[in-house]
Amino acid sequence: MEEDIDFRIRFSSLCFITDHVGFRGAIKSSPSDFVVIEIDEQGQLVNKATDEPVYKISKVPPESNNFAKKAKLDLQNLSFEEGSNQEVDTLAGCSDDDQNHQSSSEKEDTIKDGASKDEEEKVDVISSLLDEKTNELLNQFACDTKEKWNSKTELIGPSPEFSLGRILDKNQRAILHSAIRQKFPFLITVGKNSEIVVKPNLEYEELCHLVSEEEAFGFFKYLDAKKENSKFTFKPDTNKDHRKAVHHFVNKKFGNLVETKSFPELNYNAGNPNVVITVRFREKAHKYRKRSLLECQERKVKHTAFTLRKENLEMFEAVGFLAIKLGVIPSDFSYAGLKDKKAITYQAMVVRKVTPERLKNIEKEIEKKRMNVFNIRSVEDSLRLGQLKGNHFDIVIRNLKNQTNDSTNLKKRILEAIENVKNKGFVNYYGPQRFGMGRKVHTDQIGLALLKSEMVKAVKLFLTPEDVDDPVNRAKKYFLQTEDAKGTLSLMPEFKVREKALLESLHRFGVTEEGCIQAWFSLPHSMRIFYVHAYSSKIWNEAVSYRLAAYGSRVVEGDLVCLDEDVDDECFPNGKVHLVTEEEESANSYAIHQVVLPVLGYNIQYPKNKVGQWYQEILNRDGLQTCRFKVPTLKLNVPGRYRQILKHPHNLSYQLMEEQNIDVKTEGSHIDEATLSLLISFDLDASCYATICLREIMKHDF
């Protein structure tokens, strides 16, 4: 296949951060020479088969996100919302101490005995779901909260929060919500995009001003358990005004969920009657909850997770083929990231509207397309882009040679190169697969057209043929010549799912601005945004080259640095990004590995030096000086993000091997260094590219 000269020019202009000589070799000689295995958010390789039943409780180490933080707290409707929110609906029943309490002494004994037993169970559940450190920090947060309340210390500013990190399994999150709130009724738990955040229950504190802490403890445990036909009774009370205040509090805070009534205590003294307040769930609340749980059960069978193994197959083509076989559309599939074509890749996927049994039924059919599916199971949520820790790579580099005019021992060069990148890292460029391997049109050009709302141009770029005489390119050529969408459809091969979906829309709506908008909507949102991200990625690559050419490895005034040493992805907020001052430059306060550059979007800040000026010049060059990085007609919003300019490979290992398939070998001759192959394995963070890491090691553009 003829090389894409323009593409090589684009990537040969990228720079290096290390200074070793490097070596030459061939990668991706065959798909089996380049194996990519996704690493999920728990750090597990997704190619490992599991026999665990769905939703089995297992210890899940959450993200390292355990820090107290401040946030706005909406308490007024919190209990009502959580009562109807499946994520925080509890699965546990109401314990004995949550039933009708007849007397003060009986209630106190029951609370102590029941709470002791119940808390012991909750401790086991919590410890099974959280790692030891997070569990300790949770208990410390609970103790600190109680101490502040007991000391009557006034909280200044928003209420503190504690994050347990992200728990991906929704059923495990529900169990954890329940266990924490049953063990610590003075805390509340809130779900935020699979993350569980723990906060002080200010309503609990408010109720403690009206009743004893034991009563408040029991009431909130009862409220959270939501056991049908159960009731909770406060201690007998002779003070009518006080009872009125308790009624008012419960009905104001939880009136949509429960109702209260007063009854004379049994065996009361008629002269000085004791009256008890009894709380019970409203009938409609139970009916709603029953429906919600039923709906939740129904939803479980509509999302099926699996691991996809594919060989020498583009991911979008694989998804399109699976969609046809399962009778769904490509947008019903979700995944954490894109994978190479010329490789053997393993990645997690979720498909909607398909049962595990249905997916298993097509296993034999898809093997013909070099695909396999396994680890098939029911789940409740789709995946989202970026929902992974990284990728593991097993790569064979064949036909190793010295660089031209380099006579140093080849093995020494290889060892030197690997150790150099292992210690110093590599420039974190977006890899060539981000931009497509087309010779005439790259994905970033389509993304630029979309950002400029040039819909017809974007469609024509998408359907521009390569200089290859095959059915796909003949169909594309016919379309550009005639704009006959119907005729092109008949020429386009069935496996080109994206092209056929777009052409069907063009046939229906016409090759006009509005027709092309409708055509883009025939593709999944993840694919539409992919092209815009490709443009942003291209500009980022150019920006980091300019930054390193202008300032090298020095951290200078106006640079942007990431303040969080533990960050391992691009999703850190503006608050974690700091603008380097003149004083900090003089004091060498920061290192080059902390420097980040913005990936274009509407919610980023630019460096305040030459690099920031460069960004503005590029936007002007591309006609985006007024671009808000939103394309409302296609429902595309691009907030932007920050990306570290340097990254390091993790868990790197390698082995030199002698080639066995030598074509010419005279008797008595030995296999020299030119016949060596290198097997190298390493892990990279999400959104890092193995080809870019290898480029830094070998000092060679592929």
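Residues numbered from 1 in each chain as written. Predicted model: local features only at pLDDT ≥ 70, side-chain atom pairs only at ≥ 80, totals over all residues. Heavy atoms only, no water.

Visitor: Tell me about the overall build of the protein, residues and numbers included.
Guide: In terms of helices and strands, the protein carries 23 helices and 24 strands. The 702 residues of the protein split such that 53% are buried. When contacts within the protein are restricted to residue pairs at least 6 apart in sequence, long-range pairs at least 24 apart make up 76% of them. As displayed, the protein has an accessible area near 33,200 Å², and 48% of this comes from carbon and sulfur atoms. (Helix = DSSP H or I, 4+ residues; strand = E, 2+ residues; numbered from the N terminus. Buried < 20%, exposed > 50% of the residue type's maximum accessible area, 1.4 Å probe, protein only. Contact = heavy atoms within 4.5 Å. Areas by Shrake-Rupley, 256 points an atom, 1.4 Å probe, with all protein chains shown as cover.)

Visitor: Any chance you could break down the sheet that holds strand β18 (residues 595-599) for me, citing the residues and the numbers?
Guide: Backbone hydrogen bonds are what pair the strands of a sheet, in a parallel or an antiparallel way. Ordered in space as β17-β16-β18-β21, the four strands form an open sheet in which the pairing is antiparallel. At either margin of the open sheet sits one strand with a lone partner, and together these are β17 (577-579) and β21 (641-644). Here the average twist between neighbouring strands, direction ignored, is 50°. Where helix α20 (residues 525-551) meets the sheet, it contacts β18 and β21, and its direction lies at approximately 145° from that of β18. (Pairing = 2+ DSSP bridges. Axes fitted to C-alpha atoms, helices over the stretch in contact; angles between N-to-C directions.)

Visitor: Go over the state of the cysteines with me, naming the residues and quoting the values.
Guide: Applying the stated rule across the entire model yields zero disulfides. Take Cys 693: it sits in no disulfide, and the sulfur closest to it among the cysteines is that of Cys 688, at 8.9 Å. By relative accessible area, which is 0% here, Cys 693 ends up buried. (Disulfide = S-S within 2.5 Å.)

Visitor: Outline the pattern of salt bridges, listing residues and values.
Guide: Proximity of charged atoms lets side chains of opposite charge pair with each other. Taken as a whole and judged by the stated rule, the model has 31 salt bridges. Of the charged contacts, one joins Asp 332 and Lys 353 as a salt bridge, the two residues approaching to 3.5 Å between their closest N and O atoms. Within this pair, whereas Asp 332 is found in the loop between α10 (315-326) and β11 (333-335), its partner Lys 353 is found in the loop between β12 (344-352) and α11 (356-360), the two being separated by 21 residues in sequence. Within the structure, one salt-bridge network assembled from shared partners comprises Lys 538, Glu 542, Arg 621 and Asp 622. (Salt bridge = Lys/Arg side-chain N within 4 Å of Asp/Glu carboxyl O.)

Visitor: Any chance you could break down the confidence of the model for the protein for me, citing the residues and the numbers?
Guide: Averaged over every residue, the pLDDT of the protein is 80; the share at 70 or more is 78%. Across residues 1-9, where pLDDT falls below 50, the model places 15 contacts with residues more than four positions away in sequence or in other chains. Every residue in residues 52-119 scores below 50 in pLDDT, and together they form 165 contacts with partners more than four places removed in sequence or on other chains. (pLDDT = per-residue confidence, 0-100.)

Visitor: Describe the packing of helix α13 (residues 410-424) against helix α23 (residues 690-698), with residues and values.
Guide: If you want to describe how two helices pack, look at the angle between their axes and the distance between the axes. Where α13 contacts α23, the two axes come as close as 8 Å, and the packing angle between them is 125°. Accordingly, the angle class assigned to the pair α13 and α23 is oblique. In the packing of α13 onto α23, the handedness of the crossing is right-handed. Taking contact as the criterion, the partners of Ala 417, Ile 418 and Val 421 in α13 are, on α23, Cys 693, Glu 696 and Ile 697. Split by residue class, the contact of α13 with α23 holds five nonpolar, no polar and one charged. (Parallel < 35°, antiparallel > 145°, perpendicular 65-115°, else oblique. Left-handed = near helix turned anticlockwise from the far one by under 90°. Nonpolar A, V, L, I, M, F, W, Y, C, P; charged D, E, K, R; others polar.)

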